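Secondary and tertiary structure notes
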Amino acid sequence: MTFPEWSLIVCSVLSIGLAMGPWMIKVHAKLAVIASKIVDLCDKMDRTSDEHRRLWEVCSRHESRLDTHDVQLSHISERLRKD
């Protein structure tokens, strides 16, 4: 290959690279933002899951207390009826 042919090939590749470079950087930046938002979302979901589990435990404790109170009230009601 002659020098003009090589220079045409090199200039073409360089032009394509310079044209696509900013676009690739822009896409890379957008992907980085998306990745960081996904990480934040995963952290938020983990915290929400932990909070949800804690609230279910509180709810079950309250439900068992209510059941205990129902039993106690029924015993009191039976005692009052007997008297």
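Refer to the preceding data block for the structure.
Now for a description of the structure that goes with this document. (Residues numbered from 1 in each chain as written. Predicted model: local features only at pLDDT ≥ 70, side-chain atom pairs only at ≥ 80, totals over all residues. Heavy atoms only, no water.)

Quick notes on the overall build of the protein
The test is simple: Working definition: helices are DSSP H or I runs of at least four residues, strands are E runs of at least two. Numbering for both runs from the N terminus. Atoms considered for the radius of gyration are the C-alpha atoms alone. The globule rule reads 2.2 Å times the number of residues to the power 0.38. The protein chains shown are the only cover counted for residues, whose accessible areas, like all others here, come from Shrake-Rupley with a 1.4 Å probe.
Scanning the protein from N- to C-terminus turns up 1 helix and 0 strands. The C-alpha radius of gyration of the protein comes to 35 Å, more than 25% above the 12 Å expected for a compact globule of 83 residues. Seen along its three principal axes, the alpha-carbon backbone of the protein occupies a region of about 120 × 20 × 10 Å. Carbon together with sulfur atoms contributes 68% to the accessible area of the protein, which is approximately 7900 Å² in total.

Regarding helix α1 (residues 3-82)
Formally: One fewer than the residue count of a helix, multiplied by 1.5 Å, yields its expected span. Axes are fitted to the seven residues ending at a residue and to the seven starting at it; the angle between these axes is taken as the bend at that residue.
In a regular helix each residue adds 1.5 Å, so 80 residues correspond to 118 Å; α1 covers 115 Å between its end C-alpha atoms and thus fits that length. The sharpest bend along α1 comes to roughly 30°, located at M20, with the proline P22 sitting one to four residues further on.

Description of the pattern of salt bridges
Under the convention used in this document: Throughout this description, the term salt bridge denotes a Lys or Arg side-chain nitrogen within 4 Å of a carboxyl oxygen of Asp or Glu. Exposed residues in this analysis have more than 50% of their type's maximum accessible area, buried residues have under 20%, and partly exposed residues fall in between, with area computed by a 1.4 Å probe over protein chains only.
Scanning the entire structure with this criterion turns up 2 salt bridges. Between R53 and D50 there is a salt bridge, with the nearest N and O atoms lying 3.1 Å from each other. Separated by 3 residues within a single helix, R53 and D50 lie in helix α1, roughly one turn from each other. The class for D50 is partly exposed, based on a relative accessible area of 46%. The partner of R54 in a salt bridge is E51, and the shortest N-O contact between them spans 2.6 Å.

A closer look at the environment of S49
Considering the arrangement of structural elements, one finds S49 in helix α1. For the pair S49 and V33, spaced 16 residues apart in sequence, the C-alpha to C-alpha distance is 24 Å.

Description of the environment of L41
Among the secondary structure elements, L41 is positioned in helix α1. Overall, L41 belongs to the partly exposed group, its relative accessible area being 49%.

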